[in-house]
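Coordinate analysis (summary)
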Amino acid sequence: MTAGPASAADNIIEVRGVRNQFGAQVVHEALDLDVRRGEILSVVGGSGTGKSVLLRTIVGLNRPRLGSVRVFGQDLLALPATQRMAVERRFGVLFQKGALFSSLTVAENVALPLIEHAGLSAREAAQLAALKIALAGLPALAGEKYPSDLSGGMVKRAALARALALDPDILFLDEPTAGLDPIGAAAFDQLILTLRDALGLTVFIVTHDLDTIYTITDRVAVLAQKKVLINAALDEVAACDDAWISEYFHGPRGRAAALAVAGTAVATEKT
């Protein structure tokens, strides 16, 4: 996966000059970020750098003190509420820990946005929910279960099915593999890659999972010093002269992830 040359026309998201501040704490200052159409972008950074805050700012759950957020060429912060909501319906969001409604079954969780936002009948929504559940790699019987009955991996997939309910153009994933075992995390990564290619999605991932970064990411954006320090292809980011980046990508876990991906590539070539 390579970043390749790009122009402003390739950008599906443009964040410019954003300041996020909570009381006296400034989390982001003069932050700029571009996300290209059709790419998988991983956002990384140390604890407290505001990775999830940035995601919530782009999807409209947090309003920055300064700056602009343009998605599909429209400034979300300047749009009237009804127009902004129409744009936001083109987002699919998988929150940390799934954020499923515990009192609803998986099928009901997935059907809810179809009823509330797409105006479908309960029967129509149930039929589409079954398709989304299958698309997320869950067995049909999972739709009848409540979140408390699911494993961690199944919760992630159920939340993914809900994020896909309204056929989004952009998929936002907040720590999607956190808490999963290595096999489950790898399977989830491959599912995201397959969905991106099959559905033409743009994927924005907040993650600390080096395996995810090395396996499916097109570009990596590093949050540091209250801004995006670098947003580039993995090789370029890993070569950046920054202490945190060096420790993150060239430490033991980073080297292991790079070797695993290289080994997979060699095995694929031999077959």
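The numbers attached to residues start from 1 for each chain and follow its sequence in the written order. Note on the predicted model: pLDDT of at least 70 is required for a residue's local features to be given, and 80 or more for side-chain atom pairs to be given and counted; whole-chain, interface and lining totals, by contrast, use all residues. Only hydrogens and water are set aside; all other atoms, that is, all heavy atoms of the structure, feed into the side-chain values.

Generally speaking, nonpolar side chains in soluble globular proteins are found buried as a group. Buried Ala, Val, Leu, Ile, Met, Phe, Trp, Tyr and Cys residues that are joined via side-chain atoms within 4.5 Å together make up what is termed a nonpolar core. Burial classification: accessible surface area is computed with a 1.4 Å probe over protein chains only, and a residue below 20% of its type maximum counts as buried, one above 50% as exposed, and the rest as partly exposed. In terms of nonpolar packing, the biggest core is built from 35 residues, with Val110, Leu160, Leu171, Leu173, Ile192 and Val203 touching the most fellow members. Leu33, Leu54, Leu76 and Val87 belong to the second largest nonpolar core, which has 28 residues in total.

Moving on, we get to the packing of aromatic side chains. Each pair of aromatic rings is reported with the distance of its centres and the angle of its planes. Each aromatic pair joins two rings of Phe, Tyr and Trp (for Trp, the six-membered one) with centres within 6.5 Å, and gets the label stacked for planes under 30 degrees apart, edge-to-face for over 60, and tilted for any other angle. Per the counting criterion, the structure on display carries 6 aromatic pairs. Ring centres of Tyr214 and Phe249 lie 6.4 Å apart, and the angle between their planes is 70 degrees; on these two criteria the pair is classed as edge-to-face. Taken together, the positions of Tyr214 in helix α7 (residues 210-216) and Phe249 in helix α9 (residues 243-250) put the pair 35 residues apart, joining distant regions of the chain. An identical accessibility class is assigned to Tyr214 and Phe249; each is buried. Taken together, Phe72, Phe91, Phe172 and Phe204 form an aromatic cluster joined through their ring pairs. Positioned over the ring face of Phe72 is Arg90, at 3.6 Å from the centre of the ring. Strands here are runs of E lasting at least two residues and helices are runs of H or I lasting at least four, both read from the DSSP assignment and numbered beginning at the N terminus. Charge-over-ring contacts are defined here by two conditions on Lys NZ or Arg CZ: a distance within 6 Å of the ring centre and an angle within 35 degrees of the ring normal.

The rule for a salt bridge is simple: a side-chain nitrogen of Lys or Arg has to be within 4 Å of a carboxyl oxygen of Asp or Glu. Inspection of the entire model under this criterion finds 8 salt bridges. Taking the shortest distance from any N to any O, the salt bridge between Arg19 and Glu29 comes out at 3.1 Å. You can see Arg19 sitting in strand β1 (residues 11-22) and its partner Glu29 sitting in strand β2 (residues 25-36), a full 10 residues away along the chain. Given a relative accessible area of 32%, Glu29 falls into the partly exposed group. A salt bridge links Arg90 to Asp169, with the shortest nitrogen-to-oxygen separation between them at 2.7 Å. Of the two residues, Arg90 sits in the loop between α2 (81-88) and β6 (91-94) while Asp169 sits in the loop between α5 (152-163) and β7 (170-174), which places them 79 residues apart along the sequence. Judged by relative accessible area, which is 30%, Asp169 ranks as partly exposed. Three or more residues joined by partner-sharing salt bridges are found here, namely Arg196, Asp197 and Asp218.

Let's shift gears to the pairing of strand β10 (residues 227-232). With 5 bridges connecting them, strand β9 (residues 219-224) and β10 associate as antiparallel partners. In the sheet register, Val220 faces β10, and the bridge partner there is Ala232. Strand pairing follows a simple DSSP-based rule, namely that at least 2 bridges must link the two strands. Adjacent in sequence and paired antiparallel, β9 and β10 are bridged by 2 residues, among which Gln225 carries a positive phi angle near 55 degrees.

On to the sheet that holds β1. The antiparallel open sheet is built from 4 strands, whose spatial order is β2-β1-β4-β5. Whereas interior strands pair on both sides, the edge strands pair on one side only; in this sheet they are β2 and β5 (74-75). Bridge analysis of strand β4 (residues 66-71) against β5 gives 2 bridges, and the strand direction is antiparallel. Bridge pairing in β5 links Val71 to Gln74.

Moving on, we come to the packing of helix α3 (residues 106-116) against helix α4 (residues 122-135). Angle between the axes and distance between the axes are the two parameters that describe a pair of packed helices. Taken N-terminus to C-terminus, the directions of α3 and α4 make an angle of 120 degrees; their axes are 8 Å apart at the nearest point. In terms of orientation, α3 and α4 fall into the oblique class. As α3 packs across α4, the resulting crossing turns out to be right-handed. In this structure, α3 uses Val106, Ala107, Val110, Ala111, Leu114 and Ile115 to contact α4, whose residues at the interface are Ala122, Ala125, Ala126, Leu128, Ala129, Lys132 and Ile133. Only Asp, Glu, Lys and Arg are considered charged in this grouping, and only Ala, Val, Leu, Ile, Met, Phe, Trp, Tyr, Cys and Pro are considered nonpolar; every other residue, Gly among them, is considered polar. Here the contact of α3 with α4 is composed, by residue class, of 12 nonpolar, no polar and 1 charged. Fitted lines through C-alpha atoms give the axes, limited to the stretch in contact for helices. The angle between two N-to-C directions lies from 0 to 180 degrees. Any angle that falls under 35 degrees is termed roughly parallel, while one over 145 is termed roughly antiparallel, one within 65 to 115 roughly perpendicular, and all others oblique. Crossing handedness follows the turn of the near helix against the far one: under a right angle anticlockwise gives a left-handed crossing, and clockwise gives a right-handed one. Residue contacts follow a heavy-atom distance rule, with two residues in contact if any of their heavy atoms lie within 4.5 Å.

We now examine the packing of α5 against helix α6 (residues 182-199). Their axes nearest at 11 Å, the elements α5 and α6 cross at an angle of 15 degrees. With respect to α6, the element α5 is oriented roughly parallel. When you trace α5 past α6, the crossing you get is right-handed. Contacts between α5 and α6 involve Lys156, Arg157 and Leu160 on the former and, on the latter, Ala187, Phe188, Leu191, Ile192 and Leu195. Taken together, the residues that form the contact of α5 with α6 break down as 6 nonpolar, no polar and 2 charged.

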